[in-house]
2 protein chains.
Amino acid sequence: MSLPVSAPLPEALVAELRGRFGERLHLGEGQRRQHGRSEAHFAERLPDAVVFAHSPDEVLGLVRACIAHETPIIPFGAGTSLEGHTLAVRGGVCLDLSQMNRIVAANAEDADCTVEAGVRREQLNAHLRDMGLFFPIDPGADATLGGMAATRASGTNAVRYGTMREAVLALRVVTPGGRDIRTARRARKSAAGYDLTRLMIGSEGTLGVITEVTLRLHPIPEAIAAAVCSFATLAGAVDTVVQTIQCGVPVARVELMDDVQVRAVNRRAGLGLPEATTLFFEFHGSERYVQEQAEVVGGLAAANGGGAFSWSNRPEERSRLWKARHEAYYAALALRPGAVGWTTDVCVPISRLVQCISETKRDLEASILPAPIVGHVGDGNFHVIFVLDPDRLEEAAEAERLNRRLVERALAMDGTCTGEHGIGLGKQEWLTAELGEAVELMRAVKRALDPKDLFNPGKVFALS
Amino acid sequence: MSLPVSAPLPEALVAELRGRFGERLHLGEGQRRQHGRSEAHFAERLPDAVVFAHSPDEVLGLVRACIAHETPIIPFGAGTSLEGHTLAVRGGVCLDLSQMNRIVAANAEDADCTVEAGVRREQLNAHLRDMGLFFPIDPGADATLGGMAATRASGTNAVRYGTMREAVLALRVVTPGGRDIRTARRARKSAAGYDLTRLMIGSEGTLGVITEVTLRLHPIPEAIAAAVCSFATLAGAVDTVVQTIQCGVPVARVELMDDVQVRAVNRRAGLGLPEATTLFFEFHGSERYVQEQAEVVGGLAAANGGGAFSWSNRPEERSRLWKARHEAYYAALALRPGAVGWTTDVCVPISRLVQCISETKRDLEASILPAPIVGHVGDGNFHVIFVLDPDRLEEAAEAERLNRRLVERALAMDGTCTGEHGIGLGKQEWLTAELGEAVELMRAVKRALDPKDLFNPGKVFALS
């Protein structure tokens, strides 16, 4: 693939950045290429330079320099986004925050912590373990907390613990006005003015660079139980989830795999699971309470045509039960050696989920592409993983066509085109289909805060 | 008090409003006065007209007319705000939404509902009861859902169920651009662009008029238990709460009263409670689980110097145990016949709560004013209720002086000046003290969305 064209960086900017960052300024193709591609199906778009910052002050310096030279800034964390968020579509400077990985403070009594944007969630949880606390948001990838905030990430624990929207108490942000602000104090709740924290969460780097994140934490549960159950019908599985929530069982995770996905993990990991719609549960609480939860849900599953309800609160047995779920993505890719994944992300009201998945499966069964389904079913969010041969353009076109039908279906059900991956480059058309004139308000906010369109330009929407 | 001066409404606007609203346009002093005063200590500021709207379309028509005539619009719900949010400081049209009280939809399977902005929370819960669902946010007053969203209200259940920030899935809003938008779809979560829902929540009518609110609901718990316990020390009470949360007990409510407040309720209601710091708990779950929660917390209370731990899951006994808490505000006012309340609202990290309340109590003990304390202690939020003689200006000045010391103390502890009441007219100075340059971002957003400053002008901050 040839390098994309963009105006070269002004010499004065390069000189200033070299003065500020020395060897942490990279102009060579190696780093630019590493930062100019995504984990998903998008073509690479290289930045003109990559800078590794080490502090909020350095970020402020870089931002001011780039503003002065009207040069785009693309914040970069772990590069695990799935919608091309970090691609430098208008060139500019990629600001890599991964070396800002200091845990600034962790407060056991308040169950909160403040971390630099480059801290990754596994690093954070390792740090918190001895304090008896954990950070629940788990998008799968070992993403940075700054990136997770910027994309409003969620994942398997959201049904109980919420998304980054609920998990973040405050942010430190360098704004397009060249200010270093904090969006809130460390209080658990506040009614002090507009919710700048939530405005920044999910803004995908287009309204500022997040440099520190203050997070709500949770006590590590006394007991954790896992359960697995396969179902004769999709409706039986989803009804079990709906009734679980209606009974007030505070399920911590509930994940769905369709028969295609179960076949894939059986094939890769030799698990011998029944090749049918399968639910994976996790329960958190006291020893007695996780047992009670498992009993209630086991009864609901049986009433809805579920097979054997296997559950355990012993760690090694829990891992065995959830092994299939943890393997899901790579098992899907292993369906075709050399293939790449192309992941959809709709989320619908749970009352529409059976219909949405069923109609989608009919589409998929008529398609040439292997396409397993995994879902955060408690939230109504599920992913089709199209498994593509990257050299066959017609396969990407087929994924595109099927995704279009899926998103239109979800929107007709009052759902969203993206439950957790964000808009980035890939879903801009759908953002407008979903929210109509409300997108004009978003543009007005963007214009007000970043009138020169220098912060991750071209993401979420085109400004003009 | 004399009527405030404001430019009279343009005749063409009055004619248009009369055409659209007929008898629901009020220009007389009666309605203007009812809408121009607040439940708190602020002087009245009358609108030039009051209009009762009956639909989002009528709101849109009114907004467009007012924009055309550059006339301020002040949205009005139940008028229960405590920071002067509905006072017409620049005149204009008060838009009363209380007759827009239709429950548009309630979906049992999805545990959500959409209501017009004027629906009150008690009306909503009465409607939901037969569906086995409830809406948990309880700010005390029987406020409208639109007003609660506009002020980011919370209250006694927030420790378990969150605030309006977490409770709202989507809003329908008439914007200052004269558009009728929806901020989100009905999906449980979404990463589709900027979080306009949260931007509107807490914007206090300054960014648009909320006409419909889509809410997350919760299943009515199988069992509810209440408990009361008094403590030898404030630290013992707060430590019990901290440890309760650290143990993972999902307490639904935990409220604190200081000795002064308990004395007040004893006096008014003859309850005979020990006149010491007292905690009121509520637990939600299965029969077995609420018992387990009460046992765990009873043990923690005993270890922290708590007295008898009375608990029950029988409705009439629960009501008896919580009677003191429900009486708190009126019991405080009854300390002085003819008095008015003036309520503070700081919220601090819970690790600082003992120090914050202790220092505050020392201030209060040295003051002439009766000033009981009640707190949503699980969130670190507490209220001092100054009980003032409205005819003695020096008493308001004394409340002002004590509140200033309290807010400065809370800010020094990384807390907020307002946990749940909002900025309104009363806390604008503190908003800047709390968030510094971040307030400039808020102003930039306001200017971008409402450049003529017509939507509830003068609230949150002065625009220029």
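What you see is a predicted model; the values in this text were computed from it and never measured.

Criteria and thresholds
- Residues numbered from 1 in each chain as written.
- Chains lettered and ligands numbered in written order.
- Predicted model: local features only at pLDDT ≥ 70, side-chain atom pairs only at ≥ 80, totals over all residues.
- Axes fitted to C-alpha atoms, helices over the stretch in contact; angles between N-to-C directions.
- Helix = DSSP H or I, 4+ residues; strand = E, 2+ residues; numbered from the N terminus.
- Parallel < 35°, antiparallel > 145°, perpendicular 65-115°, else oblique.
- Left-handed = near helix turned anticlockwise from the far one by under 90°.
- Contact = placed C-beta atoms within 7 Å.
- Nonpolar A, V, L, I, M, F, W, Y, C, P; charged D, E, K, R; others polar.
- Least-squares fit on C-alpha atoms with pLDDT ≥ 70 in both.
- Expected span 1.5 Å × (residues − 1).
- Buried ≥ 20, exposed ≤ 12 C-beta atoms within 10 Å, placed from the backbone.
- Arc of directions from axis to C-beta.
- Pairing = 2+ DSSP bridges.
- Core = buried A, V, L, I, M, F, W, Y, C linked by C-beta atoms within 7 Å.
- Domains from an automatic or database assignment.

Looking at the packing of helix H14 (residues 353–365) of chain A against helix H15 (residues 393–412) of chain A
Residues and elements named next belong to chain A.
At step 1: Contact geometry of H14 with H15 gives a least axis separation of 10 Å together with a crossing angle of 165°. By the criterion of interaxial angle, the relationship of H14 to H15 is roughly antiparallel. As for how H14 packs across H15, the hand of that crossing is right-handed. Each of Cys356, Glu359, Thr360, Asp363 and Leu364 in H14 lies in contact with H15, whose residues at this interface are Leu402, Arg405, Leu406, Arg409 and Ala410.
At step 2: For the contact of H14 with H15, the class distribution of residues is five nonpolar, one polar and four charged.

Considerations on the relation of the copies chain A and chain B
At step 1: At an RMSD of 0.0 Å, chain A and chain B line up after a rotation of 180° and a shift of 0.0 Å along the axis. Accordingly, the operation relating the two chain copies is best matched by a two-fold axis.
At step 2: Mapped onto chain B, 100% of the interface residues of chain A are again interface residues, and the two copies thus contact each other with one and the same surface.

A look at the packing of helix H9 (residues 234–246) of chain A against H14 of chain A
Residue and element names in this part refer to chain A.
At step 1: Following both chains from N to C, one finds H9 and H14 inclined at 150°, their axes separated by 10 Å at the closest point. Compared by their axis directions, H9 and H14 come out roughly antiparallel. For the pair H9 and H14, the sense of crossing is right-handed. Only Leu353, Val354, Ile357 and Ser358 of H14 make contact with H9, whose side of the interface consists of Leu234, Ala235 and Val238.

Some thoughts on helix H17 (residues 438–449) of chain A
Given 3.6 residues per turn, any residue in an α-helix points the same way as the ones three and four places further on.
At step 1: With twelve residues, H17 of chain A ought to run about 16 Å at 1.5 Å a step, and its terminal C-alpha atoms sit 17 Å apart, in line with that.
At step 2: Three or more residues of H17 of chain A are buried, namely Ala438, Val439, Leu441, Met442, Val445, Lys446 and Leu449 of chain A. Around the axis of H17 of chain A, the buried residues are gathered within 155° of arc, so they sit on the same side.
At step 3: Residues of H17 of chain A that are buried make contact with helix H16 (428–435) of chain A together with strand E9 (180–182), helix H8 (196–200) and helix H16 (438–449) of chain B.

Focus: the sheet that holds strand E14 (residues 278–285) of chain A
Residues and elements named next belong to chain A.
At step 1: Across the sheet, which stays open at both edges, the seven strands sit in the order E15-E12-E14-E13-E17-E18-E16 with antiparallel pairing between neighbours. The sheet terminates laterally at strand E15 (310–312) and strand E16 (340–343), the two strands that pair on one side only. The average undirected angle you get between the axes of adjacent strands in this sheet is 20°.

Here's the deal with the interface of chain A and chain B
At step 1: Listed per partner, the contact involves 78 residues of chain A and 78 residues of chain B.
At step 2: Where the side of chain A that touches chain B is concerned, the elements lending two or more residues are helix H7 (164–167), strand E9 (180–182), helix H8 (196–200), H9, helix H11 (287–303), H16 and H17 of chain A.
At step 3: It is H17 of chain A that contributes the most residues to the side of chain A that touches chain B, nine residues altogether.

Examining helix H3 (residues 56–68) of chain A
Residue and element names in this part refer to chain A.
At step 1: Taking 1.5 Å per residue as the helical rise, H3 with its 13 residues ought to reach 18 Å, and the 18 Å between its terminal C-alpha atoms agrees with that figure.
At step 2: If you check which residues of H3 are buried, you get Pro56, Glu58, Val59, Leu62, Val63, Ala65 and Cys66.
At step 3: Backbone geometry just after H3 places Glu70 at a positive phi near 50°.

Some remarks on the nonpolar core
In globular proteins that are soluble, nonpolar side chains generally tend to be buried together.
At step 1: Within the largest apolar cluster, 298 residues are counted, with the highest numbers of intra-cluster contacts made by Leu95 of chain A together with Leu95 of chain B.
At step 2: Every residue in contact with Leu95 of chain B, bar those within four places of it in the chain, is listed here: Val51, Ala53, Val59, Leu62, Ile73, Ile74, Pro75, Phe76 and Val209 of chain B.

So, the domain arrangement of chain A
All names here are of chain A.
At step 1: Segmenting chain A into domains produces domain 1 (11–96), domain 2 (103–219), domain 3 (223–330) and domain 4 (336–423).
At step 2: The C-alpha centroid of domain 4 is placed 32 Å from the C-alpha centroid of domain 1.
At step 3: If you look at the interface, domain 1 gives six residues, while domain 4 gives eight residues.
At step 4: Residue composition of the side of domain 1 that touches domain 4, grouped by class: two nonpolar, three polar and one charged.

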